[in-house]
Amino acid sequence: MKRRDLIRHLSQHDCILVREGGEHSIWENPANNHRTSVPRHREIPEFTALRICKQLEIPPPF
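This is a predicted model, so every value here is computed, not measured.

K.L.:
Outline the sheet that holds strand 2 (residues 24-29), supporting the account with residue identities and numerical values.
P.N.:
On the basis of which strands lie adjacent, the open sheet formed by three strands has the order 1-2-3 and antiparallel pairing. Because the sheet does not close on itself, it has two edges, and the strands there are strand 1 (16-20) and strand 3 (34-39). Between one strand axis and the next, the sheet turns by 30° as a mean value, whatever way the strands run. Taken together, the four bridges between strand 1 and strand 2 define a ladder with antiparallel strand orientation. The residue of strand 2 that forms the bridge with R19 is I26. Sheet strands touched by helix 1 (residues 3-12): strand 2 and strand 3. Its angle to strand 3, the strand with the most contacts, is close to 165°.

Dropping the structure here:
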């Protein structure tokens, strides 16, 4: 999936960007204080997108 689509999905579920790292962006779900990193690739594999959503405890984007 495209990175911009995943970022849009995270924002729609009230996740916020905490900081930009070297090769990843750190996102947090303020509802449960869970954080995860999102790689800065144009295409993110579906498995990785599912793991990101699972770590933030939000529904999958599909």
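K.L.:
Tell me about helix 2 (residues 46-56), residues and numbers included.
P.N.:
Buried within helix 2 we find A49, I52, C53 and L56. Down the axis of helix 2, the sector holding all buried residues measures 95°, keeping them to one side. Every exposed residue of helix 2 that faces more than 90 degrees away from the buried side is listed here: F47 and K54. Residues of helix 2 that are buried make contact with helix 1, strand 2 and strand 3. Immediately downstream of helix 2, the backbone of E57 shows phi near 60°, a positive value.

Rules behind the numbers
Residues numbered from 1 in each chain as written. Predicted model: local features only at pLDDT ≥ 70, side-chain atom pairs only at ≥ 80, totals over all residues. Heavy atoms only, no water. Pairing = 2+ DSSP bridges. Helix = DSSP H or I, 4+ residues; strand = E, 2+ residues; numbered from the N terminus. Axes fitted to C-alpha atoms, helices over the stretch in contact; angles between N-to-C directions. Contact = heavy atoms within 4.5 Å. Buried < 20%, exposed > 50% of the residue type's maximum accessible area, 1.4 Å probe, protein only. Arc of directions from axis to C-beta.

This is a description of form; function is not addressed.
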